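Next come the chains, spelled out residue by residue.
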Amino acid sequence: MADRILLERRNAVALITINRPETLNALDMDTLADLERVVSEAERDDAMRVVVFTGAGNRAFVAGGDIADLNSRQGLAHYLELGERLHDVFRHIERLDKPTIAAVNGWALGGGTELLLCTDIRIAAASAKFGLPEINLGLFPGAGGSQRLIRQIPLCKAKELMFTGERISAGDAEQLGLINRVVEDANLMAEALSLADAIARKSPLVLKLLKRAMADGDEMPLRAALRHEQAVIGLVLDSADAHEGCSAFLEKRPANFRGA
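Everything quoted here is computed from the prediction, not taken from an experiment.

Engineer: Could you clarify how one ought to interpret the sheet that holds strand S3 (residues 50-55) in this entry?
Structural biologist: Adjacent strands of a sheet pair through backbone hydrogen bonds, lying either parallel or antiparallel. If you trace the 6 strands from one edge of the open sheet to the other, you get S1-S2-S3-S5-S7-S10, paired in mixed fashion. Among the strands making up the open sheet, the edge pair consists of strand S1 (5-10) and strand S10 (181-183). Pairs of neighbouring strands in the sheet enclose a mean axial angle of 20°, with direction left out of account. Alignment of strand S7 (residues 121-125) against S10, held across 3 bridges, turns out to be parallel. Residue pairing for S10: Ala125 is matched across the bridge by Val183. Its contacts with the sheet put helix H1 (residues 29-44) on S1, strand S2 (13-18) and S3, and the angle it makes with S1 is roughly 20°.

Engineer: Whenever I open this one, unusual backbone geometry confuses me. Can you help?
Structural biologist: Glycine aside, negative phi is the norm for most residues, and most peptide bonds take the trans geometry. One non-glycine residue with positive phi stands out, namely Asn25, at about 60°. In this structure, Asn25 sits in the loop between S2 and H1. Positive phi outside glycine occurs at Lys252, with the angle close to 55°. Note that Lys252 resides in the segment after helix H11 (240-250).

Engineer: Could you clarify how one ought to interpret a nonpolar patch on the surface in this entry?
Structural biologist: A contiguous nonpolar surface patch, about 260 Å² in accessible area, is contributed by Val206, Leu210 and Met214. The topology assignment puts Val206 in helix H9 (residues 204-217).

Engineer: Any chance you could explain the environment of Gly106 here in plain terms?
Structural biologist: Structurally, Gly106 can be placed in the loop between strand S5 (100-104) and strand S6 (107-109). Looking at Gly106, the relative accessible area reads 3%, which means it is buried.

Engineer: Would you explain the environment of Ala215 in this entry?
Structural biologist: Summarising the element assignment, Ala215 is placed in helix H9. Placed 15 residues apart in sequence, Ala215 and Gln230 show a C-alpha to C-alpha distance of 15 Å.

Engineer: Would you mind showing me how to read the packing of H9 against helix H10 (residues 222-237) here?
Structural biologist: Packed helices, taken two at a time, are described by their axes: the angle between them and the distance between them. Across the interface, H9 lies against H10 with an axial gap of 10 Å and an inter-helix angle of 170°. Classified by the angle between their axes, H9 and H10 sit roughly antiparallel to one another. Between H9 and H10, the residues in contact are Val206, Leu209, Arg212, Ala213, Asp216 and Gly217 and Ala225, His228, Val232, Leu235 and Val236, respectively. Looking at the contact of H9 with H10 residue by residue, the class counts come to 7 nonpolar, 2 polar and 2 charged.

Parameters at a glance
- Position numbers for residues count from 1 along each chain, tracking the sequence in the order it is written.
- It should be noted that, the model being predicted, local features are given only for residues of pLDDT at least 70 and side-chain atom pairs only at 80 or more, the latter also being counted only at that level, while totals for whole chains, interfaces and linings use all residues.
- Heavy atoms throughout the structure, all of them, feed into the side-chain values; hydrogens and water do not.
- DSSP calls a pair of strands paired once it identifies at least 2 bridges connecting them.
- For the purposes of this entry, the term helix denotes a DSSP run of H or I that reaches at least four residues, the term strand denotes a run of E that reaches at least two, and both are numbered from the N terminus.
- Note on definitions: angles span 0 to 180 degrees between N-to-C directions of axes, and those axes are lines fitted to C-alpha atoms, for helices only across the stretch in contact.
- Here a residue-residue contact requires only that any non-hydrogen atoms of the pair lie within 4.5 Å.
- Excluding any residue in a salt bridge, patches collect residues exceeding 30% relative accessible area, merging like charges within 9 Å and nonpolar Val, Leu, Ile, Met, Phe, Trp and Tyr side chains within 5 Å.
- Surface accessibility in these figures is a Shrake-Rupley result with a 1.4 Å probe; residues are shielded only by whichever protein chains are displayed.
- A pairing counts as a salt bridge when a side-chain nitrogen of Lys or Arg comes within 4 Å of a carboxyl oxygen of Asp or Glu.
- Throughout, exposure labels follow a simple rule: accessible area from a 1.4 Å probe, protein chains only, divided by the maximum for the residue type, with under 20% read as buried, over 50% as exposed, and the rest as partly exposed.
- We call two directions roughly parallel when the angle between them is under 35 degrees, roughly antiparallel when it is over 145, roughly perpendicular when it lies between 65 and 115, and oblique otherwise.
- Ten residue types, Ala, Val, Leu, Ile, Met, Phe, Trp, Tyr, Cys and Pro, are classed as nonpolar, four, Asp, Glu, Lys and Arg, as charged, and the remainder, Gly among them, as polar.

Written as structure tokens, this is what we have:
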């Protein structure tokens, strides 16, 4: 059996591919367990500075949960286990100290949209489709969709998408602010990896602290968040990377950031 999740190093970039094209890269318990393992591996490897997520094939990023697997389950305990696994893995991705990019190469429905909601930057192929269609199956967008979507796009549009189960185009998703930009299908991976390479050249220490400051500050009142930022900038200014960056600027050379 082929690996459900692939991890490939592209220079300083970790490329993680959900590899179940026969199910349109649908997520089941085993796939989620493998995804957690691979994400942890990329997290521990300091040489991997940016993480890119995509789906195998050209039809789907992640088409959602594996409905056959879901329907085969019986009893509340089994469904609670699935919900807990989904939330744990997606929260892990959301809280990674390394920048994350979703390269959306096709259907991103249900769990696929919920996965990209956990990433920092989203680039989509022109053919990509998005949505939370759980309502059409008598289900609920319970992998973070009902909470993250209302915090990332206008509330009325989030409600419309969840109440109707409507699928939207990449262009509509860009207009809503759900994704950063749309590119031609053939250029998707080149665009995503080029952006990842550019980010990977920045200070990994500052990227980590910046992500933490934004994530923590989002859950604070503004006054407390600004105090938090003030403390973080002291850590940054005292770092070797800050001195390297300033020295490189003065010496008119590229900086060599080491994450310290």
